[in-house]
Structures are given as structure tokens and as C-alpha cells.
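Residue-level structure breakdown
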Amino acid sequence: MARSQRRFVCESCGAVQPRWMGKCPECGEWNTLVETIVQDAPPTVSGRAPETVLSSRPQPVTDIALSGDQRYPVPMEELNRVLGGGIVPGGVVLIGGDPGIGKSTLLLQLADQVARAYGPVLYASGEESLHQLKMRAERLGIRTPNLLMLAETRLEQIMGHVEQTRPRMTIVDSIQAVYADGVKSTAGSVTQVRESAAALLRQAKELDVPTFLVGHVTKTGAIAGPRVLEHIVDAVLYLEGERFHSFRLLRSVKNRYGSTNEVGVFEMRENGLVEVTNPSQVFLEERIGQATGSTVAVTMEGTRPILVEVQALVSQGNPERPYRTCNGIDYNRMVLLIAVLTKRVGLRLSSQDVFVNVVGGLRINEPAVDLAVAVAIASSFYNRPVMADLAMFGEVGLAGELRSVGQPERRLREAAKLGFGRVLVPRAAQSALLRGDGTEPLGARSLADAVSLALAGDQDES
Ligand code: TYD
Ligand code: MG
């Protein structure tokens, strides 16, 4: 006979504890443990494994047939890139992002495209009424009768409709709004979300229906409550961007069917999300050449190089308490670069206010942007523009040295494509780079060298 046991599950991180505690030892949140009954497997009398009829069979790896690449490409190339080539039958994809960032918009556009290309799509929304959904569809110019809209929060109902309509794709917006009758816990709780997602996943695999789940993100950045969700789904994508900027990045952080860290770039317009196929060009569009405090960084987003403008403004501040702020890069990284500029390059920044901004609302996490940030600060400090048609990349070390970063050739080629005649790179990377497509790599060993190289010449134009 199965034994049931009392366990305590954390509503915040999903960790299971044997007894109630005020503070979850896993995530440190207070009052998040809730009592749950779990069923243990029936104990065996002898302690030996119970007798089983074997229905599965191990196969030599050499005998397993490779099934053909079953993927449905969608018209949005930027989305294909992030999905790893298209939609996979039975694949379950979680799309996370801040409220209002455009998750529902993106999925409605995807639903429309799949409905027109492949057949019926079921869009189950637990967040909006049919009227609201229709208004969004109107705005996006969606007209296909193959797109079936369902305003429903009950899991059993949603699954019943999937069973009945057998759509080519299901969308559940959002998983936090779904409520499973069989689970005694409030909608949006860890238990509800986990159980609902698991049931949808089973159904997706059984019926081979690709399923997209929307997940809200909490302030801490995790998809609300259940980090457990990230483990059970096949792919996790995040839609990112700044609220007041129109660019949106779709980033894959997990993908069983493709590579992770791929990025798709979109722009939010009046009538929906539009693909940005040439991000470098778009991000540099409004740049004023030869402005002080402005540099161009060559960054990599997944396998794709993207050029972005980095701006810095240095101005006299309160010596007691200089002000520093940044957008698009890590704050601590900026503070570190200011310290290296002060100590290793000799800039007197201790009483200066420093502002850094990555133009376009892009967030850059890789250290290759260090050089562009540091040179932009130096350029503003000396009030001298960097030389014309110069892009740059490289990591800055604490000793003030420049360190190589991954994929220098690709970065150089992208800079060449956009007409940059010179690229400032770490000296170690320079030897590996051939002068290509009319673009010359300029090597620098240290940040101090890089600053004097970048700010030399072409000064009369300022
Ligand atoms: P939405 O898709 O509802 O976000 P989420 O589902 O992630 O919460 O997007 C909401 C925002 O997008 C809202 O501020 C309006 C804006 N928007 C546009 O700018 N253009 C459009 O065509 C649509 C549908 C929305
Ligand atoms: Mg929404």
C-alpha cells in the first residue's frame, strides 16, 4: 500500500523540506513553506526490487535510427534562430519576461503565422477576455479563422479542448493563471504551476502538439515561483528590453533542440513586433560621429556579432559623493572600470560623476564591452572624440591589461561590413586577425595604450 507523507514545499523556489520552517533554507525567503501530501512508493517486503514485466528495451546506440529533422520553420527568421530552426512537434517552450514587454503580442503573431501556414492553433488565455484578445488581434491585423481563441483558466478544460481540436500548436498564456482542479492550492502557487505544466507537457508529448507557455517573471528575475518549470520544459526563452525603448531581445537560456544564448532582435511597433535583421545598423543609426564620450563596441549575442554605441558622460560632481549610474551594463563592472582608469591610466575620476549608457536599450553581459566603456569614459573625461570609423572590443583586467575575447574574426568581419576602417583589439588577438575587407585591426597591450591610440589624431574635427 502506498504511504502518504507530509512534506513542506517552498512557494518561492520549490524546495521540499521534511518539516515546517519559518525561513526556507534554500532560497532564504520567509513564510513560503506550505504543507503538501506526497505519496511514497509502496515498500517491498524483502527490500528487493518488485517483479516487473519489462516493456521497454535498451538498444545498441548504433542501431538507433536518426529520425529526420522534424521542425516547422516559421516566417519570422529571428524566432527560428532562437528556437533552433523552427517549432518541434511535441516540444514545450516556456517564454518568460516582465509584464508588458510583449509576450502575448509575440505569441499571437506566432500563432497567426502557424495557423496560416500549418493549420489550427489554440490560444488559451487566462489573463484576458475574448474581447481584449480580439482587440489585440485587430491591432495586429490578424484575420485567419484557423486561430482559435479560448478564454479559460481551468487546466482540465484547456486540455480537453486540445484533445478535441488537435491543434498544430497550443499556447497557454499564462501558466500562472492556470488552475488545476485536482490540486488543492491557489492559482499561481508553485504546486499549481508545476502540476499544470507537467500535465500540459505530458499531453504535448502524447499528441505531438508543440506547446508554448507564458511565464511571468518576478522582480528577482526568476520565472515566478517555480524555477522547477525550467527543468521540465524543453526550451526556455526570455523576452527582454527596456520598457521605454522599442527594441526587444528574445534570448534562449535553455534549448534541448538547439544552441542556447541565441538571440532574436525585434522592434515593438504600433502594429506588433517586427524583426530586426540588421541589428548593428539599426543600433548605430542615430549615432553622431566624432562626439566625445561615444564609442562603438563589437559584442557577440550568441553566435551573432552586434555593434552598439556606448556613451559616457563625465562631469564634475560632489567630491564627497560622486554619482555613478549606468544603463545596459553591470553597475559593478562600471565601477571596476572606473577604478582601473583611475589607478592604471591616471584619470582623476574620484570626484567626477560618471554616466554610462548602451544606446537602444540593449543589455550587454559579456566583458568584451569593457574596452568600449572605458574608452568612452576617457573620451568624455578628456573631452576628445575617438578617431573616426573606429570600433573596438576587449576585456579589461585589473592590472590595466587588455585581454582577448572569443570569436575575434567574426567581430572584425561585422565591423568591416558596417564600414569601420579600424578596430581596436587586445594585442594578443591582433596577430590572429588578418587585415580583412579593408578593416585594420589595431592592437593594444594595455588600456592606457588603447586610450592614447583611440584618442590620437583626427582631433581637429571636434
Ligand atoms: P503584451 O504583449 O500585452 O505584453 P505581455 O504579454 O508581455 O504582458 O504587450 C503590451 C505592450 O505592448 C503594451 O504596452 C502595448 C504594446 N503594444 C504595441 O506597442 N504594439 C502592438 O501592436 C501591441 C499589440 C502592443
Ligand atoms: Mg500578456
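Residues numbered from 1 in each chain as written. Chains lettered and ligands numbered in written order. Predicted model: local features only at pLDDT ≥ 70, side-chain atom pairs only at ≥ 80, totals over all residues. Heavy atoms only, no water.

Focus on the domain arrangement of the protein
For clarity, the threshold we go by: Each domain span listed reflects an automatic or database assignment of domains.
Looking at the assigned domains, one finds that the protein contains domain 1 (4-39), domain 2 (71-277) and domain 3 (281-457). For domain 1 versus domain 2, the distance between C-alpha centres works out to 29 Å.

Observations regarding the sheet that holds strand E11 (residues 263-269)
Heads up, the condition is: Only when DSSP finds a minimum of two bridges between them are two strands counted as paired. Every helix listed is a DSSP run of H or I at least four residues long, and every strand listed is a run of E at least two residues long, numbered separately from the N terminus. A fitted line through C-alpha atoms represents every axis, and for helices the fit uses only the stretch in contact; the resulting angles, taken between N-to-C directions, go from 0 to 180 degrees.
Reading across the sheet, the 9 strands line up as E6-E5-E7-E8-E4-E9-E10-E11-E12 and stay open at both edges, with mixed pairing between neighbours. The sheet terminates laterally at strand E6 (147-151) and strand E12 (272-275), the two strands that pair on one side only. Here the average twist between neighbouring strands, direction ignored, is 25°. In this structure, strand E9 (residues 235-240) lies alongside strand E10 (residues 247-255), joined through 6 bridges in antiparallel fashion. Within E10, the residue paired with Tyr238 across the bridge is Arg251.

Things to note about empty space enclosed by the protein
Note the threshold: The definitions used throughout rest on a 1 Å grid laid over the protein atoms alone, on which a cavity is an enclosed set of points accommodating a 1.4 Å probe that cannot get out and a pocket is an open set flanked by protein within 12 Å on both sides along at least five of seven lines; lining residues are those having an atom within 4 Å of a point. Grid points are joined across faces, edges and corners, and a volume is the space filled by probe spheres set on the points. Residue polarity is assigned by list, with Asp, Glu, Lys and Arg as charged and Ala, Val, Leu, Ile, Met, Phe, Trp, Tyr, Cys and Pro as nonpolar; anything else, Gly included, falls into the polar class.
Summed over the entire model, instances satisfying the criterion amount to 3 cavities of 30 Å³ or more. The calculated volume of the largest cavity comes to roughly 70 Å³. In this structure, the largest cavity is lined by Leu83, Gly86, Ile87, Val88, Gly91, Val93, Pro210, Phe212, Ala235, Asn255 and Tyr257. Per-class residue counts for the lining of the largest cavity are 8 nonpolar, 3 polar and no charged.

Quick look at the site of ligand 1
Let me state the cut-off plainly: If even one non-hydrogen atom of a residue comes within 4 Å of a molecule or strand, that residue is called near it. A 3.5 Å cut-off defines polar contacts: any pair of N or O atoms within that distance qualifies, except that in protein one atom must be a possible hydrogen donor and the other a possible acceptor, and neighbouring residues in sequence count only when both atoms are side-chain atoms. Only the protein chains shown count as cover for residues, and the accessible areas themselves come from Shrake-Rupley with a 1.4 Å probe. For a cavity or pocket, the test is whether more than half of a molecule's atoms lie within 2 Å of its grid points; if they do, the molecule sits there.
As a structural note, the neighbourhood of ligand 1 is formed by 16 residues, with Gly100, Ser104, Thr105, Arg136 and Gly272 the closest of them. Within the side chain of Thr105, an N or O atom sits 2.6 Å from an oxygen atom of ligand 1. Protein contact buries 76% of the 560 Å² of open area that ligand 1 shows by itself. Most atoms of ligand 1, that is more than half of them, are within 2 Å of grid points of the largest pocket. Per-element tally for the shell around ligand 1: the top contributor is helix H2 (residues 103-117), with 3 residues. Here the residues of the shell around ligand 1 sort into 4 nonpolar, 6 polar and 6 charged.

Re the layout of surface pockets
Space inside the largest pocket adds up to approximately 420 Å³. Lining the largest pocket are 24 residues, with Gly100, Gly102, Thr105, Arg136 and Met268 sitting closest to its centre. Elements with a contribution of two residues or more to the lining of the largest pocket: H2, helix H3 (130-139), strand E8 (211-216) and E11. Here the lining of the largest pocket gets 3 residues from one element, more than from any other, and that element is H2. Classifying every residue of the lining of the largest pocket gives 5 nonpolar, 8 polar and 11 charged.

Here's the deal with the environment of Arg71
Convention followed: In this analysis, two residues are considered to be in contact whenever any of their non-hydrogen atoms come within 4.5 Å of each other.
By secondary structure assignment, the location of Arg71 is in the loop between strand E3 (33-39) and helix H1 (77-83). Each C-alpha atom, one on Arg71 and one on Arg344, is 53 Å from the other, the two residues being 273 residues apart in sequence. Once residues lying within four places of it in the same chain are set aside, the contact partners of Arg71 are Leu83, Gly84, Gly85, Gly86, Ile87, Val88 and Tyr257. In terms of polar contacts, Arg71 uses its side chain to reach the backbone carbonyl oxygen of Gly84, at 2.7 Å. A polar side-chain atom of Arg71 sits 2.8 Å from the main-chain carbonyl oxygen of Tyr257.

With respect to the side chain of Arg411
With respect to the element layout, Arg411 can be found in helix H10 (residues 408-417). Once residues lying within four places of it in the same chain are set aside, the contact partners of Arg411 are Val298, Thr299, Met300, Pro305, Glu366, Ala368, Phe393, Val405 and Gly406.

A few points about the nonpolar core
Taken as a class, soluble globular proteins show a tendency for nonpolar side chains to be buried jointly. We apply this condition: Remark: nonpolar core denotes a set of buried residues (Ala, Val, Leu, Ile, Met, Phe, Trp, Tyr, Cys) joined through side-chain atoms within 4.5 Å. Only protein chains enter the accessibility calculation, which uses a 1.4 Å probe; a residue is then buried when its area is under 20% of its type maximum, exposed when over 50%, and partly exposed in between.
Counting 51 residues, the largest nonpolar core has Val356, Ile377, Leu424 and Leu447 as the members making the most contacts within it. Counting the residues that make up this core, at least three belong to each of domain 2 (71-277) and domain 3 (281-457). The contacts of Val356, once residues within four sequence positions are left out, are Val310, Gln311, Ala312, Thr325, Cys326, Asn327, Ile329, Met334, Val373 and Ile377.

A word on the packing of helix H9 (residues 370-382) against helix H12 (residues 447-454)
A pair of packed helices can be characterised by two numbers: the angle between their axes and the separation between those axes. This is how it is decided: Orientation categories follow fixed angle ranges, with anything under 35 degrees roughly parallel, anything over 145 roughly antiparallel, 65 to 115 roughly perpendicular, and all other angles oblique. Helix crossings get a hand from a simple test, with the near helix turned counterclockwise from the far one by less than a right angle marking a left-handed crossing and a clockwise turn marking a right-handed one.
Running from amino to carboxyl end, H9 crosses H12 at an angle of 55°, the nearest separation of the two axes being 10 Å. Taken together, H9 and H12 sit at an angle that is classed as oblique. Relative to H12, the crossing made by H9 is right-handed. Where H9 approaches H12, its residues Leu371, Ala374, Val375, Ala378 and Tyr382 are matched on the opposing element by Leu447, Ala450, Val451 and Ala454. For the contact of H9 with H12, a count of residues per class yields 9 nonpolar, no polar and no charged.

Observations concerning the pattern of salt bridges
For clarity, the threshold we go by: One speaks of a salt bridge when a side-chain nitrogen belonging to Lys or Arg is within 4 Å of a carboxyl oxygen belonging to Asp or Glu.
On inspection of all chains with the given rule, the structure shows 20 salt bridges. Here Glu78 and Arg81 are joined by a salt bridge, their closest N and O atoms 3.6 Å apart. With Glu78 and Arg81 both in helix H1 and 3 residues apart, this pair spans about one turn of that helix. For the salt bridge of Asp112 with Arg116, the shortest nitrogen-to-oxygen distance reads 2.9 Å. Highlighted residues: Asp112 and Arg116, both in helix H2, separated by 4 residues, approximately one helical turn. The class for Asp112 is buried, based on a relative accessible area of 8%. Classification of Arg116 as exposed rests on a relative accessible area of 58%. Via salt bridges that share partners, Glu78, Arg81 and Arg304 belong to a single interconnected network.

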